[in-house]
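Close look at the chain arrangement
This is what each chain is made of:
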Amino acid sequence: MCARNSIYTTPKPCKHLADYKLRHGFNTYYSIRNCLKTTPNGRTRVAKHTTKIPRCSFCDRYQGRLYFCLMCSSLWCPTHILLHTQSEKGHEVAIDMNRSELYCCLCCDQVYDPDFDKVVVCNQVKDLPGGSKSKTNGFEACGERSSKRKRLDSGIGLDLKKSKLLVSMRDRRAKSCYPLGLRGLNNLGSTCFMNSVLQALLHAPPLRNYFLNDRHNSIQCRKRSGEKLCLLCDIDAISSAMFSGDRTPYTPAHFLYSWWQHSSNLASYEEQDAHEFFISVLDGIHEMESKIRNSGKDDGDCQCIAHRAFSGLLRSDVTCISCGFTSTTYDPCVDISLNMDTSNLSSSNANKPIKPDEKTGASTLSGCLNLFTRAERLGSDQKLHCQNCQELRDSSKQLSIRRLPLVLCLHIKRVEHSLVRKISRKINQYMQFPFSLDMTPYLSSSIVRSKFGNRIFTFEYDNSNSSAAYEIFAVIAHSGMLESGHYVTYLRLKNQWYKCDDAWISEVDEGIVRASQCYMLFYVQKLLYNEAIEDSSFVHISPRRDPFDSTAGCS
Amino acid sequence: MSGPNEDNNTQLSSHIFGDLLDSIIVDVASECHRIAKLGLDRNLEEEEEEMRLSAQARARVADPSNSSETNTKYVVDIFGQTHPSVATEIFECMNCGRSIAAGRFAPHLEKCMGKGRKARLKVTRSSTAAQNRYSRGSPVSTYSPYSNSTSTNRLSNGTPSVAGEEYSNGTYEEPWNKT
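These numbers come from a predicted model, not from an experiment.

What counts and what doesn't
- Per chain, the residues get numbers from 1 upward, laid out in the order the sequence is written.
- Chains and ligands are labelled sequentially in the order written, the chains with letters from A and the ligands with numbers from 1.
- Restriction of local features to residues with pLDDT of at least 70 applies here, the model being predicted, together with a cutoff of 80 or more for giving and counting side-chain atom pairs; totals for whole chains, interfaces and linings are based on all residues.
- By convention in this description, side-chain values take in all heavy atoms of the structure and omit both hydrogens and water.
- A run of H or I in DSSP counts as a helix once it spans at least four residues, and a run of E counts as a strand once it spans at least two, with each numbered from the N terminus.
- Contacts are assigned to residue pairs with any non-hydrogen atoms lying within 4.5 Å of each other.
- To be clear on the numbers: accessible area is Shrake-Rupley with a 1.4 Å probe, and residue cover counts the displayed protein chains and nothing else.
- Remark: exposure states derive from per-residue accessible area (1.4 Å probe, protein chains only) relative to the maximum for the residue type, with buried under 20%, exposed over 50%, and partly exposed in between.
- Throughout this description, the term nonpolar core refers to a set of buried Ala, Val, Leu, Ile, Met, Phe, Trp, Tyr and Cys residues connected via side-chain atoms within 4.5 Å.
- Any two cysteine sulfur atoms lying within 2.5 Å of each other are counted as a disulfide.
- Residue-level confidence of the predictor, termed pLDDT, takes values from 0 up to 100.
- N or O atoms within 3.5 Å of each other form a polar contact, as long as, within protein, one can give a hydrogen and the other can take it, and as long as residues adjacent in sequence are counted only when both atoms are side-chain atoms.
- Expected helix span is computed as 1.5 Å times (number of residues minus one).
- Pairing between two strands requires that DSSP report at least two bridges joining them.
- In this description, a line fitted to the C-alpha atoms serves as the axis of each element, helices being fitted only across the stretch in contact, and the angle between N-to-C directions of two axes falls anywhere from 0 to 180 degrees.
- Angular relationships are summarised with four words: roughly parallel below 35 degrees, roughly antiparallel beyond 145, roughly perpendicular across 65 to 115, and oblique for the angles in between.
- Each crossing gets its hand from how the near helix is turned against the far one by less than a right angle, where anticlockwise is left-handed and clockwise is right-handed.
- Gly counts as polar in this scheme, as do all residues outside two lists: the nonpolar Ala, Val, Leu, Ile, Met, Phe, Trp, Tyr, Cys and Pro, and the charged Asp, Glu, Lys and Arg.

**Remarks on the overall build of chain A**
If you tally the helices and strands in chain A, you get 16 helices and 27 strands. Pairs at least 24 residues apart make up 69% of the contacts formed inside chain A by residues separated by at least 6 positions. Of the accessible surface of chain A, which amounts to about 22,700 Å², a share of 50% is contributed by carbon and sulfur atoms.

**What to know about the overall build of chain B**
Counting secondary structure elements, chain B contains four helices and three strands. The order of helices and strands in chain B, counted from the N terminus, is α-α-β-β-α-α-β. Across the 179 residues in chain B, those meeting the buried criterion constitute 33%. Of the contacts formed within chain B by residues at least 6 apart in sequence, a portion of 8% connects residues at least 24 apart.

**Considering the nonpolar core**
Of all hydrophobic cores here, the largest spans 79 residues; its most connected members are Phe 255, Leu 256, Trp 259, Phe 278, Phe 310 and Phe 522 of chain A together with Phe 105 of chain B. With near-sequence residues (within four places) excluded, Leu 256 of chain A lies in contact with Leu 188 and Met 194 of chain A together with Phe 105, Ala 106 and Leu 109 of chain B. Ile 336, Met 439, Tyr 470 and Val 488 of chain A belong to the second-largest nonpolar core, a separate cluster that totals 37 residues.

**Examining the environment of Ser 450 of chain A**
Mapped onto the fold, Ser 450 of chain A is located in helix 14 (residues 444-451). The sequence separation of Ser 450 of chain A and Gly 42 of chain A amounts to 408 residues, and the corresponding C-alpha distance is 9.5 Å.

**As for the state of the cysteines**
All names here are of chain A. Tallied over the full model, the rule gives zero disulfides over all chains. The thiol of Cys 105 is unpaired, and the distance to the nearest cysteine sulfur, on Cys 104, comes to 6.4 Å. Look at Cys 105 and you get buried, because its relative accessible area is 2%.

**Some points on the confidence of the model for chain B**
All names here are of chain B. Summary statistics for chain B give a mean pLDDT of 69 and a share of 56% for residues scoring 70 or more. Here strand 3 (residues 176-178) stands out as the element of chain B with the lowest mean pLDDT, 43, in contrast to strand 2 (residues 99-101), whose mean of 92 is the highest. In this model residues 118-151 is a low-confidence stretch, pLDDT under 50, and it forms 69 contacts with partners more than four residues away in sequence or in other chains. This model gives residues 157-179 a pLDDT under 50, and the stretch forms 73 contacts once residues within four places in sequence are excluded. Taken over the whole predicted complex, pTM reads 0.77, whereas the ipTM for its chain interfaces reads 0.73.

**Structural notes on the side chain of His 417 of chain A**
Tracing the backbone through its elements, the reader meets His 417 of chain A in strand 19 (residues 415-418). In terms of polar contacts, His 417 of chain A uses its side chain to reach the side chain of Ser 424 of chain A, at 2.7 Å.

**Some words on unusual backbone geometry**
Peptide bonds are, in most cases, trans, and in most cases residues other than glycine have a negative phi. Residues and elements named next belong to chain A. At Ser 73, a position not held by glycine, the phi torsion is positive, near 60°. Locating Ser 73 in the fold gives a position in the loop between strand 5 (67-69) and strand 6 (75-76). At Cys 108, a residue that is not glycine, the phi angle is positive and equals roughly 55°. Looking at where Cys 108 falls in the secondary structure, it is placed in the loop between strand 8 (101-104) and strand 9 (109-111).

**Considering helix 9 (residues 231-242) of chain A**
For helix 9 of chain A, spanning twelve residues, the distance from its first C-alpha to its last is 16 Å, which sits close to the expected 16 Å at 1.5 Å a residue. All of the buried residues along helix 9 of chain A are Leu 231, Leu 232, Cys 233, Asp 234, Ile 235, Asp 236, Ile 238, Ser 239, Ala 241 and Met 242 of chain A.

**A look at the sheet that holds strand 9 of chain A**
Residues and elements named next belong to chain A. Reading across from one edge, 6-5-7-8-9 is the order of the five strands in this open sheet, with antiparallel pairing throughout. The two strands at the open ends of the sheet, each matched to only one other strand, are strand 6 and strand 9. Sheet topology places strand 8 next to strand 9; three bridges connect them, and they run antiparallel. Bridge pairing in strand 9 links Leu 102 to Val 111.

**Points about the side chain of Thr 319 of chain A**
Residue and element names in this part refer to chain A. In this structure, Thr 319 sits in strand 10 (residues 312-320). For Thr 319, the side chain forms a polar contact with the side chain of Lys 451, separated by 3.0 Å. With residues near it in sequence (within four places) discarded, Thr 319 still touches Pro 40, Gly 324, Phe 325, Thr 326, Asp 394, Ser 395, Ser 396 and Lys 451.

**Considering the packing of helix 10 (residues 253-262) of chain A against helix 3 (residues 105-113) of chain B**
Interhelical geometry of helix 10 of chain A versus helix 3 of chain B gives an angle of 40° and a closest axis separation of 11 Å. By the angle class used here, helix 10 of chain A and helix 3 of chain B are oblique. As helix 10 of chain A packs across helix 3 of chain B, the resulting crossing turns out to be right-handed. Between helix 10 of chain A, through Ala 253, Leu 256, Tyr 257, Trp 260 and Gln 261 of chain A, and helix 3 of chain B, the contact on the second element is made entirely by Phe 105, Ala 106, Leu 109, Glu 110 and Met 113 of chain B. Of the residues belonging to the contact of helix 10 of chain A with helix 3 of chain B, the class tally is eight nonpolar, one polar and one charged.

Here it is, written out as structure tokens:
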């Protein structure tokens, strides 16, 4: 019925538009091409009369909406356009001058035509500074396909089903009705921040499989590097312990020792930040693997397990307000830190603590993600040099996600600072988050598309696969104050939620998780999640096959 | 247009305001129309379902008649085990060889390794990352500029500090600034 790719549906044209297209094809679209003017913010207007003020041909009105008849280029206000259509046969389709949208006068509705959108988009590309040759006008050249795109696509074809070997767990303490890998971690003295992150990491499907498949061989590692300390070896040891079937709480003492030697600035007996620890561990893993492989690759291509699992690519577009010239940069990231989307609540009483019921407007994850990808006007004290204007100009900046990671870690920034009193405090407000997350609206393809009016057009790097669908598998929740609080991790294994509170593992209802105060959210690509559910009762041993091999250079 | 009314200006300005408002409304309507027709918001139903489930969950948790799972002291975990508040498993410290109880290992190790207060004088990796945030391919590789793990964002931190933020949705009227 309707042509559909996974991003948008091309709506079926109304009878009048279809007839019009049959009779005239693209001719009128191309002829009015010269009347289309694109403003620096990406909007396209019909501006035929550069000297006269456009007025309705009947009533001379110039305020409000005006329609431009595609057939005869006459102008009409909404009240009188029907008169024109009735008096002239074949003049049913017009363009809204302000927004360059097609309008069917008989259906009295906005209608859509991919061919018209294509003309508009090509015009936009032409009009914006940089032109179609340059890659820095906000989006790459129309319709070109690049093999680079496919290489950058994250591999969803992780073929984990092949070469499975069933290893039976003979430990009588296995309590086999519960999933493997579920085991408490002893608190070593204010180390709940560490335990909570370890639980999430060890159950992230790519990492879990990596260690279970013995991808990091501790004996070889020690022989090769000659060092006694390897964060990966320690994590490997914890992973083996977690999946051994023994359910008594494990003490990650050696890991703490290794980690303190790696991150000596964080080595102190005090409560620390789980997110900071998370970054530190990934960094440690990366360093270790870089040493082993002797590669100095930057993050975008790094093949260490930390980056293979968590690395994504962010795109930043900085647009000059005056001329519309956009410069684009890409930066790798291993997680996304989000500001909370609450309206500033402490308006007048900075001193009074705010009770939960006084807050207006719920905070949601999609709200935070929208905030993250919103075009933000940079202050006048932050003027940037525009290559086109050749001087400092006001700009706006917009972030979007160019490439999604296999495992998406979202960090909710729950600290706010008082500029006046120079203290920090924790934002305790509840934030709603989904269990199934669709990241499509935050992709660069979607953001750039919407910047140019959501036209029906195939951009160079439209990811028309389903790798934007994610399922949650771990939530790190924080309770308490800024200075002293407690972290717990909720794990989702085989559709049952478990609470991992240091040594205590308990089953919880999903409602408890939904209602918790989340601090870090861990999502994994849906395909991986579904595979993980199926396979979590088995242990994969594949000595020769690297589970990630099938994705390298997929084309 | 040029009537001889006394409040001509008021009429004029409300007329202009009305026009502006109309044009904004039409703008938004047209945009939403396109988004709806192209199916760009097709996840609306799923999103609403998630919202409903979350609201339901919160209501249940807030209801005092429900036993609050989160606050009850643990008696027994799902494996039928109990654990003391301070872990009692004894093992050897890998630094000095002494026998230590697990729950007291961290404070012991701190002194044993000579870490702690002294370490804080060193430049943190986080602040190095903040300096490197506009350079790409820096050796501090996994510290992305957008992942702000600087000390200003730590929960359970002993030393809060006020630091700049490269992107903030700053409405500076209120005394509290988000980071």
